[in-house]
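# Fold and contact review
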Amino acid sequence: MKQISKNIAIIGSGLVGSLLAIYLKKMGHTITVFDRRPDIRNIKFSGRSINLAMSNRGWQSLAEVGIEEEIKKIAIPLDKRAMHVIDKPIYFQKYGKEGEAIWSISRGVLNKKMIDLAEEAGVEFRFDEKVWNVDLPEATLYTGDTEKGEWKEYNYDIIFGCDGAFSRVRHKMQRRSRFDYSQNFIDVGYKELSIPANEDGTHKLDKNSFHIWPRGKFMLIAMPNLDGSFTCTLFMPFEGETSFDSIQTKEQAKSFFKDYFPNVRKEIENLTEDFFKNPTSAMVTMKCYPWTYWDKVALVGDSAHAIVPFYGQGMNAGFEDIFVLKQKIEKYGDDWEATFKDYQEERKPDADAIAELSYRNFIEMSSKTADPKFLLQKKIEKHFANLHPDKWIPAYSRVTFSNRPYSEALAMGDAQEEIMQEVMQIPNIEEKWGSKEVEQKILDLI
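Owing to the predicted nature of the structure, the values given are computational and were not obtained by experimental measurement. (Residues numbered from 1 in each chain as written. Predicted model: local features only at pLDDT ≥ 70, side-chain atom pairs only at ≥ 80, totals over all residues. Heavy atoms only, no water.)

## Observations concerning the overall build of the chain
As a reminder of what qualifies: Strands here are runs of E lasting at least two residues and helices are runs of H or I lasting at least four, both read from the DSSP assignment and numbered beginning at the N terminus. Two things to know: the radius of gyration comes from C-alpha atoms, and the globule rule equals 2.2 Å times the number of residues to the power 0.38. Residue exposure (1.4 Å probe, protein chains only): buried if accessible area is under 20% of the type maximum, exposed if over 50%, otherwise partly exposed.
If you tally the helices and strands in the chain, you get 15 helices and 21 strands. Against the globule reference of 22 Å for 446 residues, the chain gives a C-alpha radius of gyration of 23 Å, in line with a compact fold. Taking the principal axes of the C-alpha coordinates as reference, the chain spans close to 70 × 55 × 40 Å. Residues classed as buried in the chain amount to 52% of the 446 residues present.

Have a look at this one:
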């Protein structure tokens, strides 16, 4: 559908902002992207990036605008988890069916690439330009060096806020009557660490696996990079017995890694150095509504719905916002008010659902992965899903390897959980778990 060309501003040059810029530019609009930070293509990127896990929703959004193949060149497919449990050999769990994988991709590398692609499409970027205020009804924004100094005024037809969990644009919308907003920090922080490549440039661990060291209250994960290194993330409570607070010296850090992560002992020097060099970051779930203001302003990605990273869906959800937005634009043409209304009404329940799923996964990963009862339940589910793939799709597969709504994945997951609670009550379930009786019971409950 040919639209009347609009002059559009996007605040934020991150992954969502740069992809949205490519979409809107290809529809014939004039796009300017503002970012308070310098151009990340000119700075060394480190310290705060969990490697991204691109899954079906993300790829669908990239394919829609013709850049999927370009991005696959900078990603590595991971078809399984590698579990590193103390005193047990490493074991592997396939993610899904044959050929299903999530893709590891470095946030910095991807973001640089997306900005390049947006510029090639004709998008203008204005880095080091801080937006201090937004006039919502007029779609006017004000930038300047400081909050108290001189400001420049820019007028637009539409403004998109893609400026993350602590969005300036949303901050302005929050002051309006009947705007709902909540933020909730978890008491666990994260820190980026790294495992360098072997001397010959190969990976020190299996390169097609997502590596997890589950340790109850804390855990380490590692995802591969193209250069042979791994980006690791240590998730741990801020305070308490084993916490970021409790590790203050190099010696304490060394013995921490030695005690809990024996199979990365050779990397201890490196891990210890990263531990003190890189910041400890917080994780927040942020919800708000409405996401739009008239036909003038809309929030996309984290600025509308920041989530904790335990389902690997933050970027995928943001990219899916853009995919849905495009469908609405094609439906309503130049009626941006109708586009925005339909966009937020469709996406809000799904954003809430993935926030809930991500939070639950955090609880599951940190406390339940070592619980025998929980592991048995997962074993039964897997066994049943193999026997009846059409009747039992695990919640993880619904989220990661399908494009069905997140809200559906949450509802179906809850229904499955109710069934499993009954199954786990069967006497001697530990002995009978693979029996016909258990299979029949699940079939009856479905």
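## Quick notes on the UniProt feature "transmembrane region" (unreviewed entry) in the chain
How we decide: UniProt positions are given in the numbering used here, feature names are shortened, and annotations may be inferred rather than shown by experiment.
UniProt's feature table lists "transmembrane region" (unreviewed entry) at residues 7-24, given in the numbering used throughout. The distance from the first to the last C-alpha atom of residues 7-24 is 10 Å, and the span holds 56% helix and 28% strand.

## With respect to the packing of aromatic side chains
Basically, it comes down to this: Between rings of Phe, Tyr and Trp, where Trp is taken as its six-membered ring, a pair exists when centres lie within 6.5 Å; planes separated by under 30 degrees are stacked, by over 60 edge-to-face, and by other angles tilted.
Within this structure, the stated rule accounts for 29 aromatic pairs. Geometrically, the ring pair formed by phenylalanine 125 and phenylalanine 127 is stacked, given 5.5 Å between the ring centres and 10 degrees between the ring planes. Note on accessibility: phenylalanine 125 and phenylalanine 127 belong to one class, buried. Judged by centre distance (6.5 Å) and plane angle (15 degrees), the ring pair of phenylalanine 166 and phenylalanine 185 falls under stacked. Remark: phenylalanine 185 occurs in strand S13 (residues 180-185) and phenylalanine 166 occurs in the loop between strand S12 (158-161) and helix H5 (168-174); sequence separation between them is 19 residues. You can call phenylalanine 166 exposed: its relative accessible area is 58%.

## Focus: the nonpolar core
Nonpolar side chains in soluble globular proteins tend to be buried together. Under the convention used in this document: As used here, the term nonpolar core means buried Ala, Val, Leu, Ile, Met, Phe, Trp, Tyr and Cys residues forming a set that is joined through side-chain atoms within 4.5 Å. In what follows, a contact means two residues having at least one pair of non-hydrogen atoms within 4.5 Å.
Formed by 72 residues in total, the largest nonpolar core has its most connected members in Leu24, Ile71, Leu110 and Phe160. It is helix H1 (residues 15-26) that contributes the most residues to this core, 8 residues altogether. Setting aside residues no more than four positions away along its own chain, isoleucine 71 makes contact with Met54, Trp59, Leu62, Ile105, Leu110, Lys113, Met114 and Leu117. If you look at the next biggest cluster of nonpolar residues, it comprises 35 residues, including Met83, Ile186, Val188 and Val399.

## Quick look at the packing of H1 against helix H9 (residues 314-332)
Inclusion rule: Working convention: axes come from line fits to C-alpha atoms, limited for helices to the stretch in contact. Angles between N-to-C directions cover 0 to 180 degrees. Reported orientations rely on four angle classes, namely roughly parallel under 35 degrees, roughly antiparallel over 145, roughly perpendicular from 65 to 115, and oblique for the rest. For any helix crossing, the convention is left-handed if the near helix is rotated counterclockwise from the far helix by under a right angle, and right-handed if that rotation is clockwise. Nonpolar residues are Ala, Val, Leu, Ile, Met, Phe, Trp, Tyr, Cys and Pro. Charged residues are Asp, Glu, Lys and Arg, and all others, Gly as well, are polar.
Put simply, H1 and H9 touch, their axes get as near as 10 Å, and they point 25 degrees apart. The pairing of H1 with H9 is recorded here as roughly parallel in orientation. Considering how the two elements wind past one another, H1 and H9 form a crossing that is right-handed. Touching Leu15, Val16, Leu19, Leu20, Tyr23 and Leu24 of H1 are Met315, Gly318, Phe319, Ile322, Phe323, Leu325, Lys326 and Ile329, all from H9. Per-class residue counts for the contact of H1 with H9 are 12 nonpolar, 1 polar and 1 charged.

## Brief notes about the pattern of salt bridges
Close approach of charged atoms allows side chains of opposite charge to pair. We count it as follows: Salt bridges are counted wherever a side-chain nitrogen of Lys or Arg sits within 4 Å of a carboxyl oxygen of Asp or Glu.
What the rule picks out here adds up to 36 salt bridges. The shortest N-O distance in the salt bridge between aspartate 39 and arginine 41 comes to 2.8 Å. For aspartate 39, a relative accessible area of 12% translates into the label buried. By relative accessible area, arginine 41 is classed as partly exposed at 23%. One salt bridge connects glutamate 269 with lysine 254, and the closest N-O pair in it is separated by 3.0 Å. With glutamate 269 in helix H7 (residues 268-277) and lysine 254 in helix H6 (residues 250-260), the pair connects residues that are 15 residues apart, well separated along the chain. It is possible to trace a salt-bridge network through shared partners that takes in Arg57, Glu320, Asp321, Arg347 and Asp350.

## Quick notes on the sheet that holds strand S15 (residues 209-215)
Where we set the bar: Note on pairing: DSSP must find at least two bridges between two strands before they are called paired.
Within the open sheet, the 7 strands sit side by side as S6-S5-S15-S16-S17-S14-S18. Their pairing is mixed. Two strands bound the open sheet, and with one partner strand each, they are strand S6 (91-94) and strand S18 (280-281). Relative to the sheet, H7 contacts strand S14 (188-195) and strand S17 (230-237), its axis offset from that of S14 by approximately 135 degrees.

## Brief notes about the sheet that holds strand S2 (residues 30-34)
On the basis of which strands lie adjacent, the open sheet formed by 6 strands has the order S8-S2-S1-S12-S21-S20 and mixed pairing. At either margin of the open sheet sits one strand with a lone partner, and together these are strand S8 (124-126) and strand S20 (292-293). As paired elements, strand S1 (residues 7-11) and S2 share 5 bridges and run parallel to each other. Opposite isoleucine 11, over in S2, you have phenylalanine 34 as the bridge partner. Its contacts with the sheet put H1 on S1, S2, S8 and S12, and the angle it makes with S1 is roughly 165 degrees.

## What about the pairing of strand S16 (residues 218-224)?
Two faces, one strand: in a regular strand the side chains alternate between the faces of the sheet. In terms of burial, S16 is largely enclosed, as 7 of its 7 residues are buried. Taking every second residue as pointing to the same face, both faces of S16 are buried, with Phe218, Leu220, Ala222 and Pro224 on one and Met219, Ile221 and Met223 on the other. For S15 and S16, the ladder comprises 5 bridges, and the chain directions are antiparallel. The residue of S16 that forms the bridge with isoleucine 212 is isoleucine 221. A loop of 2 residues connects S15 with S16, the two strands running antiparallel in sequence, and glycine 216 in this loop sits at a positive phi of about 75 degrees. Judged from the 6 bridges that link them, S16 and S17 form a sheet pairing that is antiparallel. Opposite alanine 222, over in S17, you have cysteine 232 as the bridge partner. Hairpin connection from S16 to S17: 5 residues lie between these consecutive antiparallel strands, with glycine 228 at a positive phi of about 95 degrees.

## Details of the side chain of lysine 80
The line we're drawing: Any N or O atom pair separated by 3.5 Å or less is treated as a polar contact, with the protein-specific requirement of one donor-capable and one acceptor-capable atom, and with residues adjacent in sequence counted only for side-chain atom pairs.
Mapped onto the secondary structure, lysine 80 falls in strand S5 (residues 80-83). Residue class for lysine 80 comes out buried when judged on its relative accessible area of 14%. Separated by 3.1 Å, the side chains of lysine 80 and aspartate 79 make a polar contact. Among the polar contacts made by the side chain of lysine 80, one reaches the side chain of serine 209 at a distance of 3.4 Å. In contact with lysine 80, not counting residues within four places along its chain, are Phe92, Gln93, Lys94, Tyr95, Asp206, Asn208, Ser209 and Phe210.

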